[in-house]
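# Structural overview for review
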Amino acid sequence: GHDENLSINQDVELVVRAIFNGLKIKAIEDNTKVYSRSHSLDDRVGSKNSSSKLSDILKLREKILSELPKFGFNEKIFLESISEHAFNQWRSFRKSNPEIAAKFLFFAKEVSWPVQLKGSMFYRLTVPLLGPVNAVKLKGIISGRD
């Protein structure tokens, strides 16, 4: 049932499509895992090393966002979740892949803004004053790391 046209996030697309089509997803509390390895570690399906894979992640989030209202999932919590994910992608890749990271930030701002960052007291105090983007940048400057 996976979309074989995707280079990454096939599992995410499958689960979202299942939910949209009325299937119930239930979590189990044990160490059961399903794992398939058909690629080398350098080229594994879930690796986010390339711009094309990051672009595929963004396209999938855009597709999910466009389908939310059709399936009755347009509540604020879903929009905030998609926006937070996009913001975290910007945060992760803003130095290593600034072009695609900027697209994630733009998307996050379009979907639901401001993003509610979870984290330390620093974030809780600086986000309302500076906004999430500047709070992350300031934290990086102060800590001397990304």
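Residues numbered from 1 in each chain as written. Predicted model: local features only at pLDDT ≥ 70, side-chain atom pairs only at ≥ 80, totals over all residues. Heavy atoms only, no water.

What follows deals with the packing of helix α1 (residues 10-20) against helix α2 (residues 51-67). Running from N to C, α1 and α2 point in directions that differ by 5°, and their axes come no closer than 11 Å. Considering the angle they form, α1 stands roughly parallel to α2. Note on element contacts: α2 touches α1 through Leu 60, Arg 61, Lys 63, Ile 64 and Glu 67, opposite Val 12, Glu 13, Val 16 and Phe 20. Considering only residue class, the contact of α1 with α2 consists of five nonpolar, no polar and four charged. (Axes fitted to C-alpha atoms, helices over the stretch in contact; angles between N-to-C directions. Helix = DSSP H or I, 4+ residues; strand = E, 2+ residues; numbered from the N terminus. Parallel < 35°, antiparallel > 145°, perpendicular 65-115°, else oblique. Contact = heavy atoms within 4.5 Å. Nonpolar A, V, L, I, M, F, W, Y, C, P; charged D, E, K, R; others polar.)

We now examine the nonpolar core. Leu 54, Ile 64, Ile 82, Phe 87, Trp 90, Phe 104 and Phe 107 are the most contacted members of the largest nonpolar core, which totals 28 residues. Of all the elements in the fold, those that place two or more residues in this core are α1, α2, α3 (76-93), α4 (98-111), α5 (121-130) and α6 (132-143). Take this core: its biggest share by element is seven residues, from α4. Setting aside chain neighbours within four positions, we find Trp 90 in contact with Ala 101, Ala 102, Phe 104, Leu 105, Val 133, Val 136 and Lys 137. (Core = buried A, V, L, I, M, F, W, Y, C linked by side-chain atoms within 4.5 Å. Buried < 20%, exposed > 50% of the residue type's maximum accessible area, 1.4 Å probe, protein only.)

Turning to the packing of aromatic side chains, a few remarks are in order. Going through the model one piece at a time under the given rule, you end up with five aromatic pairs. Ring geometry for Phe 20 versus Phe 73: centroids 5.4 Å apart, planes at 35°, classification tilted. Here the residue Phe 20 occupies a position in helix α1, and Phe 73 occupies one in the loop between α2 and α3, the gap between them amounting to 53 residues. Centre to centre, the rings of Phe 73 and Phe 78 are 5.2 Å apart; their planes meet at 85°, and the pair counts as edge-to-face. By relative accessible area, which is 29% here, Phe 78 ends up partly exposed. Seen from the ring of Trp 90, Arg 94 lies directly overhead, with NZ or CZ sitting 5.2 Å from the centre. The lysine or arginine in question, Lys 109, covers the ring of Trp 113, its NZ or CZ lying 5.6 Å from the ring centre. (Phe/Tyr/Trp six-rings, centres within 6.5 Å; stacked < 30°, edge-to-face > 60°. Lys NZ or Arg CZ within 6 Å of the ring centre and 35° of its normal.)

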